[in-house]
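Next come the chains, spelled out residue by residue.
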Amino acid sequence: MTPPQQFSALKGVQDIFPPDVHLWQKVESLSREVFSLYGFEEIRLPIIEPTGLFVRSIGETSDIVEKEMYTFPDKAGRSITLRPEGTAPVVRAYIEHHLYNLPSPQKFFYSGPMFRYERPQKGRFRQFYQIGVEAFGAVSPLLDAELLSMLKILLERLGMKDLNFEINSVGCGNCRPAYRTALRDFFSAKLGSLCPDCQRRYEANPLRILDCKVDRCIELRAGAPFITDFLCSECKDHFEKVLSALRRLNIPYTLNPNMVRGLDYYTRTAFEVTSEHLGSQKAVAAGGRYDRLVEEFGGPPTPGMGFALGMERLTELLRETGEIVGPFPDVYIAPLGERAIMEGFLMAERLRARGFLVESGYDGSSLRSQLRKANRITARFVIILGEDELSSGRAKWKNLGDGSQGDVEIRKVEEFLASASPGKPR
RNA sequence: GUGGGCGUAGUUCAACGGUUAGAGCACUGGACUGUGGCUCCAGGUGUUGGGGGUUCGAAUCCCCUCGCCCACCCCA
């Protein structure tokens, strides 16, 4: 006989189950709570989008578009892509539903899986989850500071420590081209000494040379021009006001003129929140401004700004700060014998209707093994129901915390548990 | 796509090329026929990831392949 085929999850995707899933739930619920204080409302969007949406927003020559998208034709021959990021779909929906007619700024958050066909490593997956926010229609640098503050408050309430807020301005369509030219000029004489990757970057995206990790390239870029010295007066003013607001909020930040964002659509403010406790993929959140994107997609000129949190990286850090355990059963019902099993089954349903978390045995195993199981799942109480109890009408109860026990009328088990469990029933 | 590391029981890991591949934990049962945790005892059909090769003999050496991990590229 051939053994049945065993399936396993695809490369780069993962199952999330207890106890880990409790961390995920905590992050999700706390995010909702904090975001709602700032007026962000949830938006739920498709996971598949037309391929062109990402090609045009992220940039045709970006790695994401060139080699990382899950793209396939549907049955009518349309090119479909599993979303590799969240901003472009939100922008699409914002324009498609004319949300710009509503009072500005419009603020949304989303949560869900993204897909990129990459080689997995620590903190990187092919299906990964992001919680993101996007705000439309506010040019003020105070919005930038407000989003940073909201993010910091969320991370603090999650108990995260040792985070570094790195910030930069990548300028706009007016000033960035001049900087690119200046960078190319700076590196042109050293081109032959740069690593092969950087020689490619020199052509494709010279800003990327700035965050190369090769020692030689790090040496060669000493003295390279800073983008902050090339910002136009509007961008410079905006950046200074963001930084000043951050100082007023007592939010510590690190200026990182070498930080460039991967996606083409960013303008002005760009930032990353990193942790040294992660692997090489150390950004737990990142975002920035995209003041031209809505217009480029056919909407009215509307500034935008947002960020996304990487769920796997976040929960990775939270796992180190202490396990969050799931709910424990209030009571385990241990029936002995056929009649008792049915009685216990009915009792379990009565107790659940009263708001108790109940586990119940119904396979007729010994009292010993049932108590062992109750102990293992850390039930607070055990109710023992055997022939003796059924004939006397009084069930035995046992408190697994202190070992105390006694008996109680079967009809009054609910009342007994309610008085013995503060806060229950709900 | 590139480079490196690792695949042995449910799990964490042992086993100089040499008997029948072992141990902790977990699980199940018992000591205690209806009382958990602590203790003690008992319980393993593992294609040593898969395939091929070298050898009298391979978990161990070689080749191929699959998978996982880490790093690069890039990115949350």
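These numbers come from a predicted model, not from an experiment.

A. Broad picture of the sheet that holds strand β8 (residues 254–255). In space, the eight strands of this open sheet follow the order β1-β5-β6-β11-β10-β9-β7-β8, with mixed pairing throughout. In this open sheet, the two strands that pair with only one neighbour each are β1 (41–42) and β8. Across two bridges, the pairing between strand β7 (residues 163–169) and β8 is parallel. From the neighbouring strand, Glu-166 faces β8, where its bridge partner is Thr-254. Of the strands in this sheet, β1, β5 (106–115), β6 (127–136) and β11 (304–310) are in contact with helix α1 (residues 20–37), which crosses β6 at around 0 degrees.

B. The arrangement of the protein's contact with RNA strand B in detail. Close contacts around RNA strand B come from 51 residues, with Arg-116, Arg-124, Arg-201, Arg-208 and Leu-400 the closest. Atoms of RNA strand B within 4 Å of the protein: sugar and phosphate make up 52%, bases the balance. Side-chain polar atom of Arg-116 to a sugar or linking oxygen of RNA strand B: 2.5 Å apart, as the coordinates give it. Arg-368 places a polar side-chain atom, nitrogen or oxygen, 2.9 Å from a base nitrogen of RNA strand B. Put simply, the parts of the chain that give the surface near RNA strand B at least two residues each are α3 (63–68), β6, α7 (196–204), β10 (283–289), α11 (311–321), α13 (367–376), α14 (387–392) and β15 (394–399). Sort the elements by how many residues they give to the surface near RNA strand B and α13 lands first, with seven residues.

C. View of the domain arrangement of chain A. Domain annotation of chain A identifies domain 1 (20–171 + 249–321), domain 2 (176–230) and domain 3 (331–420). With centres defined by C-alpha atoms, the gap from domain 1 to domain 2 works out at 27 Å. Contact with domain 1, which involves 13 residues of that partner, is made by ten residues of domain 2. For the domain 1 and domain 2 pair, buried surface summed over both sides reaches about 910 Å², with 49% attributable to carbon and sulfur atoms. Summed over the three residues of domain 1 that lose the most area to domain 2, namely Pro-257, Asn-258 and Val-260, the buried surface amounts to 53% of that side.

The rules behind each value
Residues numbered from 1 in each chain as written. Chains lettered and ligands numbered in written order. Predicted model: local features only at pLDDT ≥ 70, side-chain atom pairs only at ≥ 80, totals over all residues. Heavy atoms only, no water. Pairing = 2+ DSSP bridges. Helix = DSSP H or I, 4+ residues; strand = E, 2+ residues; numbered from the N terminus. Contact = heavy atoms within 4.5 Å. Axes fitted to C-alpha atoms, helices over the stretch in contact; angles between N-to-C directions. Near = heavy atom within 4 Å. Polar contact = N/O pair within 3.5 Å; in protein donor to acceptor, adjacent residues only side chain to side chain. Domains from an automatic or database assignment. Buried area = accessible area lost by both parts, 1.4 Å probe.

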